[in-house]
Amino acid sequence: MALIELNEVSKVYGFGDASTLALDEATLTIEKGEFVAIMGPSGSGKSTLMNVIGLLDRPSHGVFMLDGKSVSKLKPNQAAKARRDTIGFIFQSFNLLPRLSVLENVALPLAYRGLSLSRRTKQASNMLERVGIQDREYFLPNQLSGGQLQCAAIARALVNNPKLIIADEPTGNLDSAASRLVMELLSEIHKTGNTVLFVTHNPELTRYATRVVYMHDGSIIHDEPTALGQVAATARKVLYTLSTTSEDDDLAGVSALMMALPTKPAERKPRKVTKGKPAKSTIRRTSKSDKASK
Amino acid sequence: MKSLTRGHLKAGFDSVRRAKMRNFWTMLGIIIGVASVITIVSIGEGVKVQIAQQVSKSGKNLITIRPGTVNINDGQNQNFNVLAGLSITGSLRPQDADIVTKSKLVTASAPLAAISTKVVSEPAGQFRNGVVIGTTPDFPTLVNQSLAYGVFLAPDDMGMNVAVIGEDAADKMFDVDVPLGHAFTIGGEEFIVRGILEDFNNTPLSDRANYNSAIFIPYDVAQKLTKDNAVVYEILAKTANENDIQPAIADIEKNLQASHGGQEDFSVLEPNEAVAVKNNVLTLMTGLISGVAAISLLVGGIGIMNVMLVSVTERMHEIGIRKAIGATNRQILSQFMIESSLLSLTGGIIGVVIAFALDGLLRFFTNLRPVITWEVVLIAFGVSLIVGIIFGSIPALKAAQKDPIEALRSQ
């Protein structure tokens, strides 16, 4: 039984003329124990896919089976409990609560499960030992380096023994040394049998993955298995895997794709790898990045 | 689940501590409300206790006769002019004192007649604050008052120019500690100080004159000084025991009515009635002012709601994180409810502390003796907690119902 089964899942934001199709009939099956990298340009729907899989968002259409159960129509409280018990989140900006110590941060998911203080402190402490920052237990997040923060965030994601780890650009705010540390850690978690799903812009990081999924304009356009330790075949060629610009640029509407276009027109090949694409919907035809590529 | 609540409590304390100034201003409404409600109610209670003490001191068998009729709240007539003196429609005459004395079952009685004349003493000069009261030897027995020095007017003293003065009067009129035997003048006539009364326990809202600065002279001398125009404002009478009160009152009323030509232009009050008059007024006043103070609790609650709304907006990202890692709406709700309840409860505690401080100050600087009962403290506490829960629920609901993605996106 697959851990994640998405069947023609769509997500529409807004109403009428202002509606955007963030996820366009995505179909994806992820087995237990896979280490999946998700790549794609800004605005390609990676985050929406992550939010839907992470039960933070409900799909507008389609069926989503998580661990054999249909979760596309969960109520907010049921979703919260499912998140708590089956999913661990790792964010680009770490998202530790600044006023709690590292230990308290890691213990927080256990608190929401109703464990006693002594039990959750012990478990959280063990988890911090596993990620190698037990000596920083009583530090506040602002006293830690980026790499240590992400380790703490990973510990928090792991503390409930989730079936699935979702990491949204876990190395996006880290230098290369810290990135390697974090990826090694994720890799180790994967080796112990966890399923890991992570978003990245860096082709080098596909070395850690067993499978790479490419997205564009809300659709999954390519899906390839890759050997551990090797950069995925397509990853390097894909234009839009150029690292994104800063978040400020994103907010200003300047995507990496648009900035890269004039200087590297020859590299627009990756479209060719598209296979078995469903017919484009009307909404997609009017979307922003489509116009840019024409 | 219990340990999570403890975590929320700790987080609540942290956030209350963190923004000390802001939270102080937030709680101010609650603090003022709680402090003023407790203080006002305790003053009212205190006055009631003092009046009761006064009654029990002067005895449960003291009958007071006043000019005019006093309306007492009898359940049908909600009259507000219950203060004696506001509704005087008649008068007591000098000979009424004799009638009371001769009535059945009366063991002791004394008229009180105030006269207005110039009081001059050496070395202080004119003593303007005192009241000169003409009375008879029974007076100290009637109000259970003893003398600090000397003796009270004796039956033999009737017709003689002697005086017994209150403690304050003694202080202000003479520069010696015990001015027994010293002379001073009332209306040009020389009087000798015969005795000094002990401190009268003066109660607030009392309808008695301030006896501490009074000068008591024989009744007939007072009448002589004013050429029989001294106004008898009160006649006190006493019976042997409480059981005799009702028959005695009936007899006094009958005799006085006969003497006043059948007019009932006087009141014969039993001890409780004299108290009832004041308790009515007190209850009304306490209720009214407490009501006004309670409005400040409401305003304080709105203040808490506003600050919590700001706090929820500021911490939207935190709410997003908590939801992402598995907090249910209910858990977020309880987190913010606990925080706002803590705010209002802390305000309540500070308010109670301030009320106790005010109580001390009032006792020190005034003759009020406020009584803070545990009931009023409990009620004030409860109300502030309820205010926190009611007004905290709106921001807490807002936080709980926030979409996790939207919350995560906000910084």
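Residues numbered from 1 in each chain as written. Chains lettered and ligands numbered in written order. Predicted model: local features only at pLDDT ≥ 70, side-chain atom pairs only at ≥ 80, totals over all residues.

1. Points about the overall build of chain B
Here is step 1: A count of helical and extended segments in chain B gives twelve helices and twelve strands.
Here is step 2: Split into buried and exposed, the 411 residues of chain B put 43% on the buried side.
Here is step 3: Taking the intrachain contacts of chain B between residues at least 6 apart in sequence as the baseline, contacts between residues at least 24 apart amount to 83%. (Helix = DSSP H or I, 4+ residues; strand = E, 2+ residues; numbered from the N terminus. Buried ≥ 20, exposed ≤ 12 C-beta atoms within 10 Å, placed from the backbone. Contact = placed C-beta atoms within 7 Å.)

2. A look at the overall build of chain A
Here is step 1: The secondary structure content of chain A amounts to ten helices and ten strands.
Here is step 2: The buried share among the 294 residues of chain A stands at 47%.
Here is step 3: The long-range share in chain A, meaning contacts at least 24 apart out of those at least 6 apart in sequence, stands at 69%.

3. Focus on the sheet that holds strand 7 (residues 164-168) of chain A
All names here are of chain A.
Here is step 1: Strand order in this open sheet of six strands is 6-7-8-3-9-10, and the pairing throughout is mixed. Edge positions in the open sheet fall to strand 6 (87-90) and strand 10 (219-225), since each of these has one partner strand only. Looking at each pair of strands side by side, their axes are set apart by 20° on average, direction ignored.
Here is step 2: With four bridges joining them, strand 3 (residues 35-39) and strand 8 (residues 195-199) adopt parallel strand pairing. (Pairing = 2+ DSSP bridges. Axes fitted to C-alpha atoms, helices over the stretch in contact; angles between N-to-C directions.)

4. Side note on the nonpolar core
Here is step 1: Within the largest apolar cluster, 126 residues are counted, with the highest numbers of intra-cluster contacts made by I38(A), V106(A), A155(A) and I38(B).
Here is step 2: If you tally residues by element for this core, the top one is helix 2 (residues 20-58) of chain B, at twelve residues.
Here is step 3: Ignoring anything within four residues of it in the chain, the contact list for V106(A) reads A124(A), M127(A), L128(A), A152(A), A155(A), R156(A) and V159(A).
Here is step 4: In this structure, F127(B), V164(B), I165(B) and I252(B) belong to the second largest nonpolar core, which totals 57 residues. (Core = buried A, V, L, I, M, F, W, Y, C linked by C-beta atoms within 7 Å.)

5. With respect to the environment of L385(B)
Residue and element names in this part refer to chain B.
Here is step 1: The residue L385 is located in helix 11 (residues 374-400) in this model.
Here is step 2: Exposure remark for L385: the 16 C-beta atoms within 10 Å place this residue in the partly exposed category.
Here is step 3: In sequence terms L385 and G301 are 84 residues apart; their C-alpha atoms lie 9.7 Å from each other.
Here is step 4: Residue contacts for L385: discarding those within four places in its chain leaves S341, S344, L345 and G348.

6. A word on unusual backbone geometry
Here is step 1: The phi dihedral of L55(A) is positive, around 65°, even though this residue is not glycine.
Here is step 2: Here L55(A) lies in the loop between helix 1 (46-53) and strand 4 (61-66).
Here is step 3: The residue L105(B) is not glycine, and still its phi comes out positive at about 70°.
Here is step 4: With respect to the helices and strands, the residue L105(B) is situated in the loop between helix 3 (94-102) and strand 2 (106-115).

7. Comments concerning the sheet that holds strand 5 (residues 69-70) of chain A
Residues and elements named next belong to chain A.
Here is step 1: A sheet is described by the order of its strands in space; here four strands give the open sequence 2-1-4-5, paired in antiparallel fashion. Bordering the open sheet on either side are strand 2 (20-30) and strand 5, each of which pairs with just one other strand.
Here is step 2: Where strand 1 (residues 4-13) meets strand 2, seven bridges bridge the pair, whose relative direction is antiparallel. Bridge assignment links I4 to a residue of strand 2, and that residue is I30.
Here is step 3: Packed on one face of the sheet, helix 1 meets strand 1, strand 2 and strand 4 and runs near 60° to strand 2.

8. Looking at the interface of chain B and chain A
Note: interface size is frequently given as the accessible area lost on complex formation between the parts.
Here is step 1: Facing the 17 residues of chain B at the interface are 21 residues of chain A.
Here is step 2: The set of elements that each furnish at least two residues to the side of chain B that touches chain A consists of helix 1 (2-18), helix 9 (316-324), helix 10 (329-365) and helix 12 (404-409) of chain B.
Here is step 3: Here the side of chain B that touches chain A is composed, by residue class, of eight nonpolar, six polar and three charged. (Nonpolar A, V, L, I, M, F, W, Y, C, P; charged D, E, K, R; others polar.)

9. Considering helix 3 (residues 102-113) of chain A
Residues and elements named next belong to chain A.
Here is step 1: Counted residue by residue, helix 3 has eleven buried out of twelve residues, so it is predominantly covered.
Here is step 2: Those residues of helix 3 that fall on the buried side of the exposure criterion are V102, L103, E104, N105, V106, A107, L108, P109, L110, A111 and Y112.
Here is step 3: G114 occupies a position one or two residues after helix 3 and carries a positive phi of about 95°.

10. A look at the confidence of the model for chain B
All names here are of chain B.
Here is step 1: Confidence in the prediction for chain B averages 82 pLDDT; 89% of positions are at 70 or higher.
Here is step 2: Looking over chain B, one finds the lowest element-wise mean pLDDT in helix 1, namely 73, and the highest in helix 9, namely 93.
Here is step 3: A low-confidence stretch, residues 73-87 (pLDDT under 50), is modelled with 25 contacts involving residues beyond four sequence positions or located in other chains.
Here is step 4: With a pTM of 0.69, the predicted complex shows an ipTM of 0.79. (pLDDT = per-residue confidence, 0-100.)

11. Topic: the pairing of strand 6 of chain A
Residue and element names in this part refer to chain A.
Here is step 1: Covered by surrounding structure in strand 6 are I87 and F89 together with G88 and I90, the residues of both alternating faces.
Here is step 2: Relative to strand 7, strand 6 runs parallel, the two being bridged by four bridges. Pairing of F89 across the sheet is with I166, part of strand 7.

12. Describing helix 9 of chain B
Helical geometry note: an α-helix holds 3.6 residues per turn, so side chains three or four residues apart project in the same direction.
Here is step 1: By the criterion of burial, helix 9 of chain B is predominantly enclosed, with seven of the nine residues buried.
Here is step 2: Listed in full, the buried residues belonging to helix 9 of chain B are E318(B), I319(B), G320(B), I321(B), R322(B), K323(B) and A324(B).
Here is step 3: Where the residues of helix 9 of chain B are buried, they touch helix 2 (76-86) and strand 6 of chain A together with helix 10, helix 11 and helix 12 of chain B.
Here is step 4: One or two positions beyond helix 9 of chain B, positive phi appears at G326(B), with a value near 115°.

13. Focus: the packing of helix 3 of chain A against helix 5 (residues 146-158) of chain A
All names here are of chain A.
Here is step 1: Between helix 3 and helix 5, whose axes approach to 7 Å, the crossing angle comes to 25°. When the axis of helix 3 is compared with that of helix 5, the two are roughly parallel. Both helix 3 and helix 5 take part in a crossing whose hand is right-handed. For the pair helix 3 and helix 5, contact is made by V102, N105, V106, L108 and P109 and by A152, A155 and R156, respectively. (Parallel < 35°, antiparallel > 145°, perpendicular 65-115°, else oblique. Left-handed = near helix turned anticlockwise from the far one by under 90°.)

14. Focus on the pairing of strand 2 of chain B
Residue and element names in this part refer to chain B.
Here is step 1: Of the strand pairs in this sheet, strand 2 and strand 11 (residues 231-239) are connected by eight bridges, and their pairing is antiparallel. When the sheet's bridge partners are listed, L112 is paired in strand 11 with E234.
Here is step 2: In this sheet, strand 5 (residues 131-135) lies alongside strand 2 in antiparallel orientation, the contact comprising three bridges. When the bridges of strand 5 are listed, A113 appears paired with G134.

15. Overview of the environment of K32(A)
Here is step 1: Here K32(A) is to be found in the loop between strand 2 and strand 3.
Here is step 2: Look past the residues within four positions of K32(A) in its chain and what remains in contact with it is L3(A) and T195(A).

16. Some thoughts on the confidence of the model for chain A
Here is step 1: Here chain A averages 81 in pLDDT, while 80% of its residues score no lower than 70.
Here is step 2: Scored below 50 in pLDDT, residues 260-294 of chain A makes 34 contacts in the model with residues more than four places away or belonging to other chains.

17. Observations regarding the packing of helix 5 of chain A against helix 6 (residues 176-191) of chain A
All names here are of chain A.
Here is step 1: Relative orientation of the contacting elements helix 5 and helix 6 amounts to 20°, with a least axis distance of 9 Å. The orientation of helix 5 relative to helix 6 falls into the category roughly parallel. In the packing of helix 5 onto helix 6, the handedness of the crossing is right-handed. Residue-level contacts link G146, G147, Q150, C151, I154 and L158 of helix 5 to A178, L181, V182, L185 and I189 of helix 6.

18. Here's the deal with the environment of M173(B)
Residue and element names in this part refer to chain B.
Here is step 1: If you trace the backbone, M173 turns up in helix 5 (residues 167-173).
Here is step 2: Distance from M173 to G130, taken between C-alpha atoms, is 9.7 Å for residues 43 residues apart in sequence.
Here is step 3: Setting aside anything within four residues of it in sequence, one finds M173 in contact with S121, A124, F127 and F184.

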